[in-house]
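Summary of structural features
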Amino acid sequence: MSSIWWVVIEEQGGAGDARGWSVAEATRYPDRESAEDEAYLLAKQHRPARPWSPQGRTVLRVAGGYLVLIKGKTDTYQFRVSLGEEIR
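The structure contained in this document is the topic of the report that follows.

Rules and cut-offs
- Chains are numbered independently. Their residues run from 1 in the order of the written sequence.
- Predicted model: local features are reported for residues with pLDDT of at least 70 only, side-chain atom pairs are reported and counted for 80 or more only, and whole-chain, interface and lining totals are derived from all residues.
- As a convention, hydrogens and water are excluded, and side-chain values are obtained from all of the structure's heavy atoms.
- For helices the rule is a DSSP run of H or I covering at least 4 residues; for strands it is a run of E covering at least 2, with both sets numbered from the N terminus onward.
- Should any heavy atoms of two residues lie within 4.5 Å, those residues are counted as being in contact.
- Note on pairing: two strands pair once DSSP finds at least 2 bridges between them.
- By the criterion applied in these results, polar contacts are pairs of N or O atoms within 3.5 Å in which, for protein atoms, one can donate a hydrogen and the other can accept it, and in which residues neighboring in sequence qualify only through two side-chain atoms.
- Take the number of residues in a helix, subtract one, and multiply by 1.5 Å to get its expected span.
- Buried means the residue's accessible area, taken with a 1.4 Å probe over protein chains only, is under 20% of the maximum for its type, while exposed means over 50%, and partly exposed covers the values in between.
- Taking the helix axis as origin, the arc is that swept by the directions to the C-beta atoms.

What follows concerns the side chain of His-46. Here His-46 is to be found in the loop between helix H1 (32-45) and strand S3 (56-62). With sequence-adjacent residues up to four places away left out, His-46 is seen in contact with Ile-9, Glu-11, Leu-41, Arg-57 and Phe-79.

The structure is reproduced here in structure tokens:
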């Protein structure tokens, strides 16, 4: 029996001290390899809601996925791309 894997994107939203995290997207994959491939592509290419005028992107591989820092004109925003195995 093969495992079902998920790729979840969590984005930081809001402004100033009111920033919070929320799930922006969650997609199922039939195996870990295809989920890992998609997570990598999303870390490199996903366009979060903020910042509106991205100036640069830094991708960090972390346990379970990627942390991406997006530099805007006035601030830096983050999003996470995480891998998870569905438990049945």
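Taken together, the seven bridges between S3 and strand S4 (residues 65-71) define a ladder with antiparallel strand orientation. Each bridged residue has a counterpart across the sheet, and for Leu-60 the counterpart in S4 is Leu-67. Count of turn residues in the S3/S4 antiparallel hairpin: two residues, of which Gly-64 carries a positive phi of about 85°. Two elements, S4 and strand S5 (residues 76-85), share seven bridges in a ladder whose sense is antiparallel. Of the residues in S5, the one forming a bridge with Tyr-66 is Val-81. In this structure, the hairpin formed by S4 and S5 is closed by a connection of four residues.

This part is about the side chain of Glu-11. With respect to the secondary-structure elements, Glu-11 resides in strand S1 (residues 5-13). At 2.6 Å, the side chain of Glu-11 forms a polar contact with the side chain of His-46. The contacts of Glu-11, once residues within four sequence positions are left out, are Gly-20, Trp-21, Ser-22, Ala-24, His-46, Pro-48, Ala-49, Gln-78 and Phe-79.

Next up on the list: H1. For H1, with 14 residues, the first-to-last C-alpha span of 20 Å sits near the 20 Å given by 1.5 Å per residue. Within the span of H1, buried status applies to Ala-35, Ala-39, Leu-42 and Ala-43. With its buried residues spanning 100° around the axis, H1 presents them on a single face. In H1, the exposed residues that point more than 90 degrees away from the buried face are Glu-33 and Gln-45. The inward-facing, buried residues of H1 abut S1, strand S2 (20-29), S3, S4 and S5. Where H1 starts, the residue carrying a side-chain oxygen 3.3 Å from the main-chain nitrogen of Glu-33 turns out to be Asp-31.

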